[in-house]
Amino acid sequence: MTNRVQELLGVEFPVVQAPMTYIARAELAAAVSEGGGLGMIETLTPEGRADLLRVRELTDRPVAANLMIQGWKRDPSIVEVLAAAGVRHVFTSAGDPALFTDRLHDAGMTVVHVVGSLKGALKAVDAGVDALVVEGVEGGGFKSALGASTMVLLPLISQRVELPLICAGGICDARSGAAAVVLGAEGVQMGTRMLASIEAAVHTNFKDAIVAADDDGTVLLDLPGNPTMRVLRVGMAARVRENPADARLLGGITELYFAGDMEASVANTGQVSARITDLQPVADIVRDTWGEIEAVLDGARARLG
């Protein structure tokens, strides 16, 4: 049997790789899709847009594209780029989904929008999207300082919205996947767990820092002149929290990601890093996260007595 997310996306497992700028590229996306989940390609960089085509040399399974609305709101030609690449599924984020949803639908694409609040979810429903990613504030990357956790946000939205929901923020395995299902989701999205994978192209220093993190290993930075972000509490992030004046957090992001210089920028990472203890192939991550949920729920039933 399949649920609505599996049917919508055409995947074996409703496990989605998060859209991470510079990182969500062809090799990682193809590995996730070949593993039965849904890989994702970022489109903010020229290399990412080129990978919309290159990924087809690596897999014939469904692969999605991310459309960060703030980056494309003045240039709707991105829809033509996606259509020319044969993209069928688009995950929109960081902006008003009404700006692109109709255009994407007219081009024959399904639209999944990422939300971090009930207000954002209701706005996306009004825009006509096909599904939602509901992301709690414990997730890595750009966040609202006033955002709610997954435990609160997901059931809140599921009580008000009939669309298929994909849970993000705090997901790394079958136990967290089972919790997402109980709270109202029909799929999960993972970023930090996918960073700590064999196939992720980021530097070993970044991966090792994720594995080494404990439950206070990330911090939500909300500094003037910078977007609010959840990042690892290492390197630059540890220093600027104590001395935030004139901090510019993202200037050396590629040096951190790919050269391993943890002082060059901040490492966008979720709180779930505390639960990640090793690097795994993404196919194992995808299969085990969804395939072992039933066993987790059986254990929960046993604890009911």
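Residues numbered from 1 in each chain as written. Predicted model: local features only at pLDDT ≥ 70, side-chain atom pairs only at ≥ 80, totals over all residues. Heavy atoms only, no water.

**Let's talk about empty space enclosed by the protein**
Tallied over the full model, the rule gives one cavity of 30 Å³ or more. For the largest cavity, the calculated volume is near 50 Å³. As for the largest cavity, its lining consists of Ile41, Leu52, Val55, Arg56, Val63, Ala64, Ala85, Gly86 and Val87. Residues that form the lining of the largest cavity fall into these classes: seven nonpolar, one polar and one charged. (1 Å grid on protein atoms, 1.4 Å probe; cavity = no way out; pocket = protein on both sides within 12 Å on 5 of 7 lines; lining within 4 Å. Points joined across faces, edges and corners; volume = space filled by probe spheres on them. Nonpolar A, V, L, I, M, F, W, Y, C, P; charged D, E, K, R; others polar.)

**Re the pattern of salt bridges**
Using the criterion set out here, one finds eleven salt bridges in the structure. With its nearest N and O atoms 2.7 Å apart, the salt bridge here joins Arg54 to Glu27. Placement of the pair is Arg54 in helix 3 (residues 46-54) and Glu27 in helix 2 (residues 26-34), with a sequence separation of 27 residues. Residue class for Glu27 comes out partly exposed when judged on its relative accessible area of 42%. For Arg287, the salt bridge is made with Asp284, and the minimal N-O distance between the two is 3.0 Å. Taken together, the positions of Arg287 and Asp284, both in helix 14 (residues 282-291) and three residues apart, correspond to about one turn of that helix. The structure contains a network of salt bridges with shared partners spanning Arg25, Glu27, Asp51 and Arg54. (Salt bridge = Lys/Arg side-chain N within 4 Å of Asp/Glu carboxyl O. Helix = DSSP H or I, 4+ residues; strand = E, 2+ residues; numbered from the N terminus. Buried < 20%, exposed > 50% of the residue type's maximum accessible area, 1.4 Å probe, protein only.)

**Thoughts on the nonpolar core**
Residues Leu67, Leu82, Leu104, Leu132, Ile157, Met194 and Phe206 are the most contacted members of the largest nonpolar core, which totals 74 residues. When residues in this core are grouped by element, the largest group, six residues, is from helix 2. Once you skip the residues sitting within four places of it in the chain, Leu104 turns out to touch Leu67, Val79, Leu82, Val90, Thr92, Met109 and Val111. Ranked by size, the runner-up nonpolar core spans 14 residues in total, among them Leu38, Ala64, Ala131 and Ala168. (Core = buried A, V, L, I, M, F, W, Y, C linked by side-chain atoms within 4.5 Å. Contact = heavy atoms within 4.5 Å.)

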